[in-house]
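Read off the chains here:
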Amino acid sequence: MSSWRSRSRQSNTSRISDEQINDLVSKLQMLLPETRTRNNDRVSSAKVLQETCNYIKNLHREVDDLSERLAELLETTDMSSSQAAIIRSLFM
């Protein structure tokens, strides 16, 4: 059997259908705050994927900013204070 045939059979068994892709894109669209509000509007799959990437990048930035703010707060907090106890409880 040629290597082309074996690759072709392998790719056919692992291929995802257009319907599955459309379903996954719709699910992604529902997770995005920007596209959730315009649910009835048809948005291209490429647009949904681009907005998903942008949203994830923004979430990463937000996590980094919050981590930095938390580090600054911890530096200025007496670790034996009630504020420190509250902060510690948030991590549990």
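The shown structure was predicted, so the numbers you read here are calculated from the model rather than taken from an experiment.

Draft legend 1. Geometry of a negative patch on the surface. A cluster of acidic residues, Glu62, Asp64, Asp65, Glu68, Glu72 and Glu75, forms a negative patch on the protein surface. With respect to the helices, strands and loops of the structure, aspartate 64 is situated in helix α4 (residues 45–76).

Draft legend 2. Seen up close, the environment of asparagine 22. Its place among the elements puts asparagine 22 in helix α2 (residues 18–31). Of the residues examined, asparagine 22 reaches a relative accessible area of 39% and is grouped as partly exposed. Each C-alpha atom of the pair asparagine 22 and serine 44 lies 9.9 Å from the other, and the pair is 22 residues apart in sequence.

Draft legend 3. Focus on the pattern of salt bridges. Scanning all chains against the criterion turns up two salt bridges. The partner of lysine 27 in a salt bridge is aspartate 23, with the nearest N and O atoms 3.4 Å apart. Of the two residues, lysine 27 and aspartate 23 both sit in helix α2, four residues apart, roughly one turn of that helix. The exposure class assigned to aspartate 23 is partly exposed, which follows from its relative accessible area of 38%.

Thresholds applied
- Residues numbered from 1 in each chain as written.
- Predicted model: local features only at pLDDT ≥ 70, side-chain atom pairs only at ≥ 80, totals over all residues.
- Heavy atoms only, no water.
- Patch = residues over 30% accessible without salt bridge, like charges linked within 9 Å, V, L, I, M, F, W, Y side chains within 5 Å.
- Areas by Shrake-Rupley, 256 points an atom, 1.4 Å probe, with all protein chains shown as cover.
- Salt bridge = Lys/Arg side-chain N within 4 Å of Asp/Glu carboxyl O.
- Lys, Arg positive; Asp, Glu negative; His and termini not counted.
- Charge placed at Lys NZ, Arg CZ, Asp CG, Glu CD.
- Helix = DSSP H or I, 4+ residues; strand = E, 2+ residues; numbered from the N terminus.
- Buried < 20%, exposed > 50% of the residue type's maximum accessible area, 1.4 Å probe, protein only.

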